[in-house]
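# Descriptive structure summary
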Amino acid sequence: MAGKPMIALALLAPLLWSPAATAQDVPGIEICTVEKTMERRTSCLQSNVDFLHKSLDKARLDQQQKLDAARAQIAALSAAVAALQKQLAELQAAQKPAKSEPAPAKDATPPKDAMPSKDAPPPKADAK
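The structure contained in this document is the topic of the report that follows. Here the structure is a predicted model, which is why all the values come from computation and not from measurement.

Reading the values: rules and limits
Residues numbered from 1 in each chain as written. Predicted model: local features only at pLDDT ≥ 70, side-chain atom pairs only at ≥ 80, totals over all residues. Heavy atoms only, no water. Helix = DSSP H or I, 4+ residues; strand = E, 2+ residues; numbered from the N terminus. Buried < 20%, exposed > 50% of the residue type's maximum accessible area, 1.4 Å probe, protein only. Contact = heavy atoms within 4.5 Å. Salt bridge = Lys/Arg side-chain N within 4 Å of Asp/Glu carboxyl O. Disulfide = S-S within 2.5 Å.

## A word on the overall build of the protein
Looking only at helices and strands, the protein features 3 helices and 0 strands. Beginning at the N terminus, the succession of helices and strands in the protein can be written as α-α-α. Counting every position in the protein, which comprises 128 residues, the buried fraction comes to 5%.

## Quick word on the side chain of asparagine 48
Mapped onto the secondary structure, asparagine 48 falls in helix α3 (residues 38–100). For asparagine 48, a relative accessible area of 9% corresponds to the buried category. Excluding residues within four positions of it along the chain, asparagine 48 makes contact with Gly28, Ile29, Glu30 and Cys32.

## Thoughts on the pattern of salt bridges
Taken as a whole, this structure holds 4 salt bridges when the rule is applied. Measuring nitrogen to oxygen at the nearest pair gives 2.8 Å for the salt bridge that ties aspartate 57 to arginine 60. With aspartate 57 and arginine 60 both in helix α3 and 3 residues apart, this pair spans about one turn of that helix. We classify arginine 60 as exposed; its relative accessible area is 53%.

## With respect to the state of the cysteines
Throughout this description, disulfide means a covalent bond between two cysteine sulfur atoms. Scanning all chains against the criterion turns up 1 disulfide. Here cysteine 32 pairs with cysteine 44 through a disulfide, and the sulfurs are 2.1 Å apart. Because the torsion about its S-S bond is -80°, the bridge between cysteine 32 and cysteine 44 counts as left-handed. Here cysteine 44 lies in helix α3 and cysteine 32 lies in the loop between α2 (19–22) and α3, a separation of 12 residues in the sequence.

## Structural notes on the environment of serine 43
With respect to the helices and strands, serine 43 occurs in helix α3. Take serine 43: its relative accessible area is 46%, and that puts it in the partly exposed class. As a C-alpha pair, serine 43 and cysteine 32 span 11 residues in sequence and 8.8 Å in three-dimensional space.

This is how it looks when you write it as structure tokens:
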């Protein structure tokens, strides 16, 4: 059993020390004009292009997340404003009748031709 981990490590060792893994320690833009051979210069330029693509993709994703969050916040605020406008309209509608008609006194008797209120009990019929 002790041989199996050693075999796995021996198989992984070439992958860890491959030239692609050690080509660039810190990702970033390199000055490629110092490279003498065309292959190394091309590899350097490709590394720069890859780094720029990754940077742009990351920035694009970050900005998209910020835009989505802003859109969600705008939608929530719009709903809140609509609810407040509805409440304001209801309050204004409730205030208008109260201002236009003076409140009747509690002791005052309603006129005979006035409709009975819904809360009042129905008039009793004369029993014969």
